[in-house]
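The chain contents come next:
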Amino acid sequence: MTKTKDLEEELGGRVLTEPAELLRYSADASRAKPQGLPLAVLTAHSAQDVAAGVRWAARNNVPVSVRGAGTGLAGGAVAYPQGLVISLAEMDAIVGIDPGNRLAEVHAGVITADIDAAAAEYGLMYAPDPASYRQSTIGGNIATNAGGLRCVKYGVTTDSVAGLEVVLANGETIRTGSKTRKNVVGYDLTSLFVGSEGTLGIVTGATLRLRPRPAGNAVTFRATFPSAAAAGRAVTAIMNSSVVPEVLELMDRASVEIVEKFHPTGLSTNGAAILVGQFLSLTSDVDAATAARLCREAGATDVEQAEGDVLLEARRVSGKALDARGLRASCDVAVPIARLADMFEALDKISSNENVAIPTFAHAGDGNLHPSVVIGDESPEAYAEAERILDLITDQALMLGGTISGEHGVGSLKYGSLGKQLDPAARSAHLMIKNAFDPQGILSPGRGV
Ligand SMILES: Cc1cc2nc3c(=O)[nH]c(=O)nc-3n(C[C@H](O)[C@H](O)[C@H](O)COP(=O)(O)OP(=O)(O)OC[C@H]3O[C@@H](n4cnc5c(N)ncnc54)[C@H](O)[C@@H]3O)c2cc1C
């Protein structure tokens, strides 16, 4: 009798065990490699299915990895050898939009962009928009506390989550939060589960906060700088001014060149870095003019303005373009907004000391950078060398008061670096929480915290 027979009997065709199917659910979009195939994949259709899977895993002491769309970049959804993958991707119902309370009720597997599109029918929006928002699930966004282009204005995922449905490691299902604007009853478990990367419970549903879609015309500006550090100074000036951009993204010359080869958008590669910003309000024109002035004062050689989204397209495809360029390893550091220029100077120094190109794009208004190292080949030595460079970058971000991850999470890839940021007392506080929710250690063990 196979180990998964009772699970298959309980959940029927929702349990996959064919090797080709197991392989399909084993990796995520990161460079973390699965170390072997899982025993089974549960393609859950309901919270009850998830609970049954968790109970089975607890009875059999099998590690569980949780999966949305698998676009994660931290190795958090990678299958454990002989483990159980619980996939939420088929729980993709938008239960309802409640315009009176500006809320959306959704299941965990809904694609993020679909929620925004459903809200748009009521003149509302779901604001957080990771560059992957046409592929990633809301459950994955919640588990990683994903950021996105519009997050500079509206906040990251946690700022748009009012409540959650979560299946715990003991198979019980709880609801957190409320539909009210204010609620102070009990601990803020909603915030605790947001960003917990599948280590404390499995999110099966969410109540999300919607906002009115902004009125006014979108005005986009693009500024070219002689150095990325100068662009960083412009970002600090804009974020400290009275104008609030809808989007404020940076690309250095190396990433512009890669994007233009992959998906030509007409971006010029004259400068060392470009800043692309958008304003969307009744005062867009005036705000864009203020930002343009601040860019010139910080040293921009060229500033142009355009209507609509056209200038943003290059930034939206930059991740895909870098992937198409070949093997790459990237990181996700963030620094305090006033240290952006220092971080770009440090990147230049690392690049010239180590004689390696470090194409970088950034959610600049959030101080969140994605420096990448292109890996020559798939050999372990090439990967180790890339990791060494990324470690230098991470150390530099920490020295500037930053963080090892601004939005992708710790997953398995950054697990070894946790001690760089969390001191032993803080680490042990995290582990107390983990042990309280998952004493048997079956949910995403060895990841996240
Ligand atoms: C081209 C590209 C662009 C990207 N741009 C951005 C960006 O702008 N901002 C950003 O933040 N990220 C970005 N990412 C990373 C990724 O898309 C996000 O981390 C996203 O939130 C992952 O969602 P997913 O559904 O693919 O989750 P997965 O990759 O399946 O899982 C991610 C993590 O969440 C956990 N998880 C998934 N679903 C659940 C659940 N229901 N309950 C509990 N835990 C769960 C997994 O165990 C894992 O730890 C990008 C990735 C790509 C490939």
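A. Looking closely at the overall build of the protein. Helix and strand counts for the protein stand at 16 helices and 18 strands. Against the 2.2 N^0.38 benchmark of 22 Å for 449 residues, the protein shows a C-alpha radius of gyration of 22 Å, consistent with a compact globule. Taking the principal axes of the C-alpha coordinates as reference, the protein spans close to 70 × 55 × 45 Å. Evaluated residue by residue, the protein yields a buried proportion of 53% over its 449 residues. Within the protein, counting contacts between residues at least 6 apart in sequence, those at least 24 apart form 72% of the total.

B. The packing of helix 8 (residues 228-239) against helix 13 (residues 340-354), seen in detail. It is at 7 Å that the axes of helix 8 and helix 13 come closest, and there the two elements cross at 165°. In terms of axis orientation, helix 8 runs roughly antiparallel to helix 13. Note on packing geometry: the crossing formed by helix 8 with helix 13 is right-handed. Listed contacts from helix 13 to Ala 228, Ala 229, Gly 232, Arg 233, Val 235 and Thr 236 of helix 8 are Leu 340, Ala 341, Met 343, Phe 344 and Glu 345. Considering only residue class, the contact of helix 8 with helix 13 consists of 7 nonpolar, 2 polar and 2 charged.

C. Up close: the domain arrangement of the protein. One can read the domain layout of the protein as domain 1 (5-87), domain 2 (94-212) and domain 3 (217-399). Using C-alpha coordinates to define each centre, domain 1 is positioned 36 Å away from domain 3.

D. Fine view of helix 14 (residues 380-399). For helix 14, spanning 20 residues, the distance from its first C-alpha to its last is 28 Å, which sits close to the expected 28 Å at 1.5 Å a residue. The set of residues buried in helix 14 consists of Ala 386, Leu 390, Ile 393, Thr 394, Gln 396 and Ala 397. Looking straight down helix 14, one finds its buried side chains confined to an arc of 160°; they lie on one side. Opposite the buried face of helix 14, by more than 90 degrees, sit the exposed residues Pro 380, Glu 381, Ala 384 and Arg 388. On its buried face, helix 14 is in contact with strand 16 (328-330), helix 13 and strand 18 (368-374). Gly 401, located one to two residues past helix 14, shows a positive phi value of around 85°.

E. Focus on the sheet that holds strand 4 (residues 84-87). Read across the open sheet, the 4 strands follow the order 1-2-4-3; overall the sheet is mixed. Across the chains shown, the open sheet's two edge strands, defined by having one partner strand only, are strand 1 (15-16) and strand 3 (64-67). In terms of strand pairing, strand 1 meets strand 2 (residues 40-43) through 2 bridges, oriented antiparallel. Looking at the pairing, Leu 16 lines up with Val 41 of strand 2. Strands in contact with helix 3 (residues 47-60) are strand 2, strand 3 and strand 4; relative to strand 4, the strand with the most contacts, it is inclined by about 170°.

F. Representation of unusual backbone geometry in the model. Even without being glycine, Asn 61 reaches a positive phi, approximately 50°. Considering the arrangement of structural elements, one finds Asn 61 in the loop between helix 3 and strand 3. We note that Ser 444 has phi near 45°; this positive angle belongs to a residue other than glycine.

G. Just the pairing of strand 14 (residues 273-281), in detail. The element strand 14 is extensively covered by neighbouring structure, given that 8 of its 9 residues are classed as buried. Pairing geometry for strand 12 (residues 217-225) and strand 14, over 9 bridges, is antiparallel. Bridge pairing in strand 14 places Phe 221 opposite Gly 277.

H. Expanded view of the sheet that holds strand 5 (residues 94-98). The strand order across the open sheet formed by 5 strands is 5-6-10-8-9, and the pairing between neighbours is antiparallel. Taken across any chain shown, the strands that pair with only one partner, and hence form the sheet edges, are strand 5 and strand 9 (173-177). Neighbour-to-neighbour, the strand axes of the sheet open up by a mean angle of 15°, direction not taken into account. Here strand 6 (residues 103-107) pairs with strand 10 (residues 201-209) via 5 bridges, running antiparallel. Its bridge partner being in strand 10, Leu 103 is matched across the sheet by Arg 209. Those strands touched by helix 4 (residues 112-120) are strand 5, strand 6 and strand 10, and its axis lies near 40° from that of strand 5.

I. Looking closely at the site of the ligand. Around the ligand sit 38 residues, and of these Gly 68, Gly 72, Gly 76, Gly 139 and Gly 140 come closest. In terms of residue count, helix 5 (residues 138-144) provides more of the shell around the ligand than any other element does, 5 residues in total. Of the residues contributing to the shell around the ligand, the split by class is 13 nonpolar, 20 polar and 5 charged. Each of domain 1 (5-87) and domain 2 (94-212) gives at least three residues to the shell around the ligand.

J. Region of the structure containing the nonpolar core. Among the nonpolar cores identified, the biggest contains 67 residues, and Ala 223, Ala 231, Ala 234, Val 235, Leu 250, Leu 275 and Cys 295 are the most heavily contacted of them. Looking at this core, the element that brings in the most residues is helix 8, giving 8 residues. Summarising the domain contributions, this core has at least three residues from each of domain 2 (94-212) and domain 3 (217-399). Ignoring sequence-local partners within four residues, the contact set of Ala 231 consists of Phe 225, Leu 250, Ala 273 and Leu 275. Counting 65 residues, the second-largest nonpolar core is a separate cluster that includes Leu 11, Ala 44, Ala 108 and Leu 200.

So, how was this worked out
- Residues numbered from 1 in each chain as written.
- Predicted model: local features only at pLDDT ≥ 70, side-chain atom pairs only at ≥ 80, totals over all residues.
- Helix = DSSP H or I, 4+ residues; strand = E, 2+ residues; numbered from the N terminus.
- Rg over C-alpha atoms; globule rule 2.2 N^0.38 Å.
- Buried ≥ 20, exposed ≤ 12 C-beta atoms within 10 Å, placed from the backbone.
- Contact = placed C-beta atoms within 7 Å.
- Axes fitted to C-alpha atoms, helices over the stretch in contact; angles between N-to-C directions.
- Parallel < 35°, antiparallel > 145°, perpendicular 65-115°, else oblique.
- Left-handed = near helix turned anticlockwise from the far one by under 90°.
- Nonpolar A, V, L, I, M, F, W, Y, C, P; charged D, E, K, R; others polar.
- Domains from an automatic or database assignment.
- Expected span 1.5 Å × (residues − 1).
- Arc of directions from axis to C-beta.
- Pairing = 2+ DSSP bridges.
- Near = placed C-beta within 6 Å.
- Core = buried A, V, L, I, M, F, W, Y, C linked by C-beta atoms within 7 Å.

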